[in-house]
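Examination of the molecular architecture
In case you want the letters, here they are:
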Amino acid sequence: MPELPEVETLCRQLKEKICGKKILASKVYDDKLFGIKNLKTGKINRIERQGKTIVLQLDTGDSIKIHLRMTGRLLWQESSTRPKHSRWRLSFAGGNIFLIDPRRFATVKVEKIKQEKDKKDLMAEFDEKNFIEKQARRKVNVKTLLMDQKALAGIGNIYACEILHRAGISPLRQASSLTREEWGKMFYHARNILKKGIEKRGTSISDWRDLYGRKGENQNELKAYGQEGKRCFICGGKICRIKQGGRSTFYCNDCQQ
Ligand SMILES: [Zn+2]
């Protein structure tokens, strides 16, 4: 599932490719995407990421909000020949953006433009004080909290495992048991890991591809996620795998306390 670095990668590539361009056509292939059916086309003025959502702001006052969910991706293609599993096409002079999504969970909505500051986003205007006071006290395990989109924007299973590993914090800990210093360490490592993920154009373990159909390179940087049985690069211990809330968690039992 695309997380913050993957969605940010797409937003940056979309900015280069279609910002300032006029939408010539919007063609919906999948009836499930009824939210985009009545789009009034216009020029793309601005492109931004809100958590895991891609927001295209148009000069008509509307915005198109794309959430890729499980298997969704966007592909730039000069030809308008419909690729397999595509559900929607946005056409511009010179090429098209296709939403490709085999499992059909991605959503596309049209809404009036709202200017919002993203205070839950560690890579934007994160409100640390509010997080410590409201979210960090909750009686849930810390990994669940990192992945809760109402608490923090954009972090999913892969990056949550990596962040906890680098911060040396056990995924089994209750969020409310973490000290202020531990949260500080967590945010520091989270920002570094997300930044690296963006630089490497995301993590391609299964479906993820960038706007041009290329794999990212961050899978080569993973030190915990998917590394079961390997040596921990921090302490030499062994990375193990457990199940938490139906998802796999990878961590080092020796140095993550
Ligand atoms: Zn370790």
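Residues numbered from 1 in each chain as written. Predicted model: local features only at pLDDT ≥ 70, side-chain atom pairs only at ≥ 80, totals over all residues.

A separate point is the sheet that holds strand β1 (residues 25-28). Ordered by their spatial adjacency, 4 strands build an open sheet running β1-β6-β7-β5, and the pairing between neighbours is antiparallel. Both outer strands of the open sheet, β1 and β5 (73-77), are each paired with one neighbouring strand and no more. Taken pair by pair, the neighbouring strands of this sheet meet at an average axis angle of 15°, ignoring direction. The sheet contact formed by β1 and strand β6 (residues 86-92) spans 4 bridges and is antiparallel. Bridge pairing in β6 links Val 28 to Trp 88. (Pairing = 2+ DSSP bridges. Helix = DSSP H or I, 4+ residues; strand = E, 2+ residues; numbered from the N terminus. Axes fitted to C-alpha atoms, helices over the stretch in contact; angles between N-to-C directions.)

Pairing is antiparallel in the open sheet, where 4 strands are placed in the order β2-β3-β4-β8. Only two strands of the sheet have a single partner each, and these edge strands are β2 (44-50) and β8 (107-112). Shown here is a sheet whose adjacent strand axes are inclined to one another by a mean of 20°, direction ignored. When strand β3 (residues 53-58) meets strand β4 (residues 62-67), the two strands line up antiparallel, connected through 5 bridges. Its bridge partner lying in β4, Ile 54 is registered against Ile 66.

A few words on the nonpolar core. In a soluble, globular protein the nonpolar side chains are often hidden away together inside. Ranked by internal contacts, the top residues of the largest apolar core, which has 58 residues, are Leu 146, Tyr 159, Ala 160, Cys 161, Ile 163 and Leu 164. Element by element, the count of residues in this core is highest for helix α4 (residues 157-167), at 7 residues. Formed jointly, this core draws a minimum of three residues from each of two domains, domain 1 (4-112) and domain 2 (128-252). (Core = buried A, V, L, I, M, F, W, Y, C linked by C-beta atoms within 7 Å. Buried ≥ 20, exposed ≤ 12 C-beta atoms within 10 Å, placed from the backbone. Domains from an automatic or database assignment.)

Moving on to the packing of α4 against helix α5 (residues 180-199). Two elements in contact, α4 and α5, have axes whose closest approach is 9 Å; the angle formed by their N-to-C orientations is 130°. One finds that α4 runs oblique with respect to α5. The chirality of how α4 crosses α5 is right-handed. On α5, the residues touching Tyr 159, Glu 162, Ile 163, Arg 166 and Ala 167 of α4 are Lys 185, Met 186, His 189, Ala 190, Ile 193, Leu 194 and Gly 197. Looking at the contact of α4 with α5, its residues break down into 7 nonpolar, 2 polar and 3 charged. (Parallel < 35°, antiparallel > 145°, perpendicular 65-115°, else oblique. Left-handed = near helix turned anticlockwise from the far one by under 90°. Contact = placed C-beta atoms within 7 Å. Nonpolar A, V, L, I, M, F, W, Y, C, P; charged D, E, K, R; others polar.)

A few words on the domain arrangement of the protein. Domains assigned within the protein are domain 1 (4-112) and domain 2 (128-252). Just the C-alpha atoms count here: the centres of domain 1 and domain 2 sit 28 Å apart. Looking at the side of domain 1 that touches domain 2, the elements with two or more residues in it are α1 (4-18) and β5. Looking at which element gives the most residues to the side of domain 1 that touches domain 2, the answer is α1, with 10 residues. Along the lines of polarity and charge, the residues of the side of domain 1 that touches domain 2 split into 8 nonpolar, 4 polar and 5 charged.

Okay, the packing of α1 against α5 next. Orientation of α1 relative to α5, taken along the N-to-C sense of each, is 45°, at an axis distance of 8 Å. Our classification of the angle between α1 and α5 gives oblique. The handedness of the crossing between α1 and α5 is right-handed. Together, Leu 4, Pro 5, Glu 8 and Thr 9 of α1 and Leu 194, Gly 197 and Ile 198 of α5 make up the contact between the two elements. A per-class count over the contact of α1 with α5 returns 4 nonpolar, 2 polar and 1 charged.

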